[in-house]
Amino acid sequence: MQIHFYKYQGTGNDFVIMDNRDGRYNALTNQQVHDLCHRRFGIGADGVMLLNRQEGYDFGMKYYNADGNEGSMCGNGGRCLVAFAHKMGLQQESLRFLAVDGPHEASMNGADWVNLKMQDVDWVEQGPLYFYLNTGSPHFVKYVDDVQAVDVYTEGQAIRYNDRFAREGTNVNFVQKLENGIFVRTYERGVEDETYSCGTGVTAAALTFAGSEEKTYTVPVQTLGGKLEVRFTKTGERSFRDIWLCGPALNVFEGDLVINS
């Protein structure tokens, strides 16, 4: 199979993207996705996305994790796909698309800043040392004193594969409070390693960072790959509405590749 691909990154979370509105990549296999994402023998990426036609929406989003399996919602991936759709001629002021977790809307500020509306959150589990919630993907959130000192791979893997989470998996976020906002590092299931940034992860962390007051919050987020911003309104003790993940989404390069059928 010959493919024409684009490489995008959003704060270091990187993706191989293909325009599949004519269905030419419908036969893409899980093994081919895995091979494309391999950083030694492929293009290298945290995931693969297809820009699809979707009735009733501007486009559809299909997302695969680096392990080759179709994944749950990817926030940075969604932002990158919006930027790609804009490049492909979908230049409306506001775009609506359908992802695996439901409808989303998005807009662009300038050439490479994307605002992506996430799903509402109505449930947050809080333990003595953690939070657990779903922001399109499941996230375990743990606050630490020095996030740079954390062995994210080892500690994240231990939580992701513990007795509770091993079967379905969870993403694991380590969060440090800063003078203005938070610093987040994430172990991602499907990648099975730390990534430079995770959109649904920083969203989950930002929601847990909110105070007790029911109001609108803007939380600056630092990741290894750069800066993001999460805006939302807290409407109850554990409920959040109008959640927006905002940040850069950049086209790195494009090319052609023949992959094994």
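Up top is the structure these notes are about.
Residues numbered from 1 in each chain as written. Predicted model: local features only at pLDDT ≥ 70, side-chain atom pairs only at ≥ 80, totals over all residues. Heavy atoms only, no water.

### Some remarks on the side chain of Arg-160
One can find Arg-160 in helix 3 (residues 152–160). Polar contacts involving the side chain of Arg-160 include one to the side chain of Glu-192, which spans 3.0 Å. When sequence neighbours within four positions are dropped, the list of residues in contact with Arg-160 reads Phe-165, Ala-166, Gly-169, Thr-170, Val-172, Tyr-187, Arg-189 and Glu-192. (Helix = DSSP H or I, 4+ residues; strand = E, 2+ residues; numbered from the N terminus. Polar contact = N/O pair within 3.5 Å; in protein donor to acceptor, adjacent residues only side chain to side chain. Contact = heavy atoms within 4.5 Å.)

### Re helix 2 (residues 75–87)
Under the 1.5 Å per step criterion, the end-to-end length of helix 2 is 19 Å for 13 residues, consistent within 8% with the ideal 18 Å. With eleven of 13 residues buried, helix 2 lies mostly within the body of the structure. The complete set of buried residues in helix 2 reads Gly-75, Asn-76, Gly-77, Gly-78, Arg-79, Cys-80, Leu-81, Val-82, Ala-83, Phe-84 and Ala-85. Once helix 2 finishes, Gly-89 follows within two positions and takes phi at roughly 110 degrees, a positive value. (Expected span 1.5 Å × (residues − 1). Buried < 20%, exposed > 50% of the residue type's maximum accessible area, 1.4 Å probe, protein only.)

### Looking at the packing of aromatic side chains
Geometry of an aromatic ring pair is reported as the spacing of the ring centres plus the angle between the planes. On inspection of all chains with the given rule, the structure shows 13 aromatic pairs. Ring centres of Phe-59 and Phe-97 lie 4.8 Å apart, and the angle between their planes is 5 degrees; this geometry places the pair in the stacked category. Of this pair, Phe-59 sits in strand 4 (residues 59–65) while Phe-97 is found in strand 5 (residues 95–99), placing the two residues 38 residues apart along the sequence. Taken individually, Phe-59 and Phe-97 each receive the classification buried, so the pair is uniform in this respect. A centroid spacing of 6.1 Å and a plane angle of 90 degrees characterise the contact between Trp-123 and Tyr-132, whose relative ring orientation is edge-to-face. What makes Tyr-132 buried here is its relative accessible area of 12%. Put simply, the rings of Trp-123, Tyr-130, Tyr-132, Phe-140 and Phe-165 touch in pairs and so form one group of aromatic residues. Directly above the ring of Tyr-161 sits Arg-160, whose terminal nitrogen or CZ lies 4.0 Å from the centroid. The lysine or arginine in question, Lys-215, covers the ring of Tyr-217, its NZ or CZ lying 5.1 Å from the ring centre. (Phe/Tyr/Trp six-rings, centres within 6.5 Å; stacked < 30°, edge-to-face > 60°. Lys NZ or Arg CZ within 6 Å of the ring centre and 35° of its normal.)

### Describing the nonpolar core
Note on soluble globular proteins: their nonpolar side chains tend to be buried together. Judged by nonpolar contacts, the single largest core of 50 residues is most densely connected at Phe-59, Met-61 and Phe-232. The greatest single-element share of this core, amounting to six residues, is contributed by helix 2. Ignoring sequence-local partners within four residues, the contact set of Met-61 consists of Met-49, Leu-50, Met-73, Cys-74, Gly-77, Gly-78, Leu-81, Phe-97, Leu-98 and Ala-99. Counting residues in each nonpolar core, the second largest holds 16 residues, with Phe-5, Leu-36, Cys-37 and Ile-259 among its members. (Core = buried A, V, L, I, M, F, W, Y, C linked by side-chain atoms within 4.5 Å.)

### Things to note about empty space enclosed by the protein
In this structure the tally under the stated criterion is two cavities of 30 Å³ or more. Of the voids in this model, the largest cavity is the one considered here, and its volume is about 100 Å³. Residue lining of the largest cavity: Tyr-63, Asn-65, Gly-71, Ser-72, Met-73, Cys-74, Ser-137, Asn-171, Glu-188, Arg-189 and Thr-200, and that is the complete set. Taken together, the residues of the lining of the largest cavity sort by class into three nonpolar, six polar and two charged. (1 Å grid on protein atoms, 1.4 Å probe; cavity = no way out; pocket = protein on both sides within 12 Å on 5 of 7 lines; lining within 4 Å. Points joined across faces, edges and corners; volume = space filled by probe spheres on them. Nonpolar A, V, L, I, M, F, W, Y, C, P; charged D, E, K, R; others polar.)

### Looking at the environment of Phe-15
Here Phe-15 shows up in strand 2 (residues 13–19). On the basis of relative accessible area, Phe-15 is assigned to the buried category, the value being 0%. With 178 residues separating them in the primary sequence, Phe-15 and Asp-193 have C-alpha atoms 15 Å apart. Here Phe-15 is in contact with Tyr-6, Lys-7, Tyr-8, Ala-45, Gly-47, Met-49, Tyr-63, Cys-74, Asn-76, Gly-77 and Cys-80, once residues within four sequence places are set aside.

### Some points on the environment of Val-141
Looking at the element boundaries, Val-141 is found in strand 10 (residues 138–143). On the basis of relative accessible area, Val-141 is assigned to the buried category, the value being 0%. Along the chain, Val-141 and Cys-198 lie 57 residues apart, while their C-alpha atoms are 12 Å from each other. With near-sequence residues (within four places) excluded, Val-141 lies in contact with Leu-129, Tyr-130, Phe-131, Leu-133, Asn-173, Val-175, Ala-204, Ala-205 and Thr-208.

### Some remarks on the pattern of salt bridges
Two side chains carrying opposite charge are able to pair once their charged atoms lie near each other. By the definition in use, this model includes 13 salt bridges. Across the salt bridge formed by Arg-164 and Glu-125, the nearest N and O atoms sit 2.7 Å from each other. Separated by 39 residues along the polypeptide, Arg-164 in the loop between helix 3 and strand 11 (171–178) and Glu-125 in strand 8 (residues 124–126) bring together distant segments of the chain. Here Glu-192 and Arg-160 are joined by a salt bridge, their closest N and O atoms 3.0 Å apart. Of this pair, Glu-192 sits in the loop between strand 12 (181–188) and strand 13 (193–195) while Arg-160 sits in helix 3, and the two are 32 residues apart along the sequence. The exposure class of Arg-160 is buried, given its relative accessible area of 9%. Members of the salt-bridge network, linked through shared partners, are Lys-7, Asp-14, Arg-39 and Asp-46. (Salt bridge = Lys/Arg side-chain N within 4 Å of Asp/Glu carboxyl O.)

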